[in-house]
Amino acid sequence: MAAREQHGTQIIGPVRLNNNWSGQHVPGFDLRSFEIQWQHRQVVCPQGQTSVAWTSTARKNGQALINVRFAKESCRPCPVRAQCIRSGDRAKSLKFQPQAQQEARYAARDAIKDPLAQQLYHRRAGIEGTLSQGVRAFGLRRCQYIGEQKTRLQHVLTAMAINVVRLDAWMIGERPIGTKHSRFARLQVA
C-alpha cells in the first residue's frame, strides 16, 4: 500500500487464496459474503444480523488485524448456519485486515483473473528469474565496494555480465526452458 501511494507503483503477484472452510464449502459464506461497514465498525452477515464486537489487534509479526464476533443468540437459530459455521454452539467470528489492506487484497484477487494482469505477472516471473540468476551466480546481494557510486558501478557491471552470459548461452543453442514446478505443485494441478 505504501509503495502505491508514495511511488505510484503497482504490485502484481499471487495472493493467497481463501483457504477457510466457509470459503471452500459450497454453498458457503466467505468473508466477501459479509458486508463490512468500516465507518460504523461493524459487519452485517448475509442474513442481516449485525456483529456485536469489533476488536483491533495485531499478529505476532506486528501486522494489524481486526476480529469481529456475532452474538450467539443471532447465530444459533440461523436457518443457514450450516453454510456459515461448523461449530455446534459457538457464534460466527471473522478476522480480516484493516480497510486499505483488505481492499487491496480483494483487488489483487480480482485482478489476477484478468488476462492482462496474467500477462503482466508472466513478465514479473521473468524479472524474478533474472534477479535469481544475479543473486545465485553473480553475488548480486554482496557488494565488494563501499560508497554509492562504486556500488552502482558494480550493479551495472553485474547486469552486463548477466546479459553476456545469457547471450553466450543463446548463441550456443541453449534456450530457456519453461517455469520449473516442484513435484508437489505438479500434484496440486492434477
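Up top is the structure these notes are about.
A brief report on the enclosed structure follows. (Residues numbered from 1 in each chain as written. Predicted model: local features only at pLDDT ≥ 70, side-chain atom pairs only at ≥ 80, totals over all residues. Heavy atoms only, no water.)

## Digging into the pattern of salt bridges
When the charged atoms of two side chains with opposite charge come close together, those side chains can pair. On inspection of all chains with the given rule, the structure shows 1 salt bridge. Two residues, Arg32 and Asp110, come together in a salt bridge whose shortest N-O distance is 3.0 Å. Residue Arg32 is found in the loop between helix H2 (21-24) and strand S1 (35-37), and its partner Asp110 is found in helix H5 (residues 99-111); the two are separated by 78 residues along the sequence. Residue Arg32 is classed as partly exposed on the basis of its relative accessible area, which comes to 39%. (Salt bridge = Lys/Arg side-chain N within 4 Å of Asp/Glu carboxyl O. Helix = DSSP H or I, 4+ residues; strand = E, 2+ residues; numbered from the N terminus. Buried < 20%, exposed > 50% of the residue type's maximum accessible area, 1.4 Å probe, protein only.)

## Some points on the packing of aromatic side chains
Enumeration over the complete set of coordinates arrives at 4 aromatic pairs. For the pair Phe34 and Phe70, a centre-to-centre distance of 5.9 Å together with 45° between the ring planes defines the contact as tilted. Of this pair, Phe34 sits in the loop between H2 and S1 while Phe70 sits in the loop between strand S4 (64-69) and helix H3 (72-75), and the two are 36 residues apart along the sequence. Using a relative accessible area of 5% as the deciding quantity, one classes Phe34 as buried. Relative to Phe96, the ring of Trp54 has its centre 5.6 Å away and its plane inclined at 75°; by these criteria the two rings are edge-to-face. (Phe/Tyr/Trp six-rings, centres within 6.5 Å; stacked < 30°, edge-to-face > 60°.)

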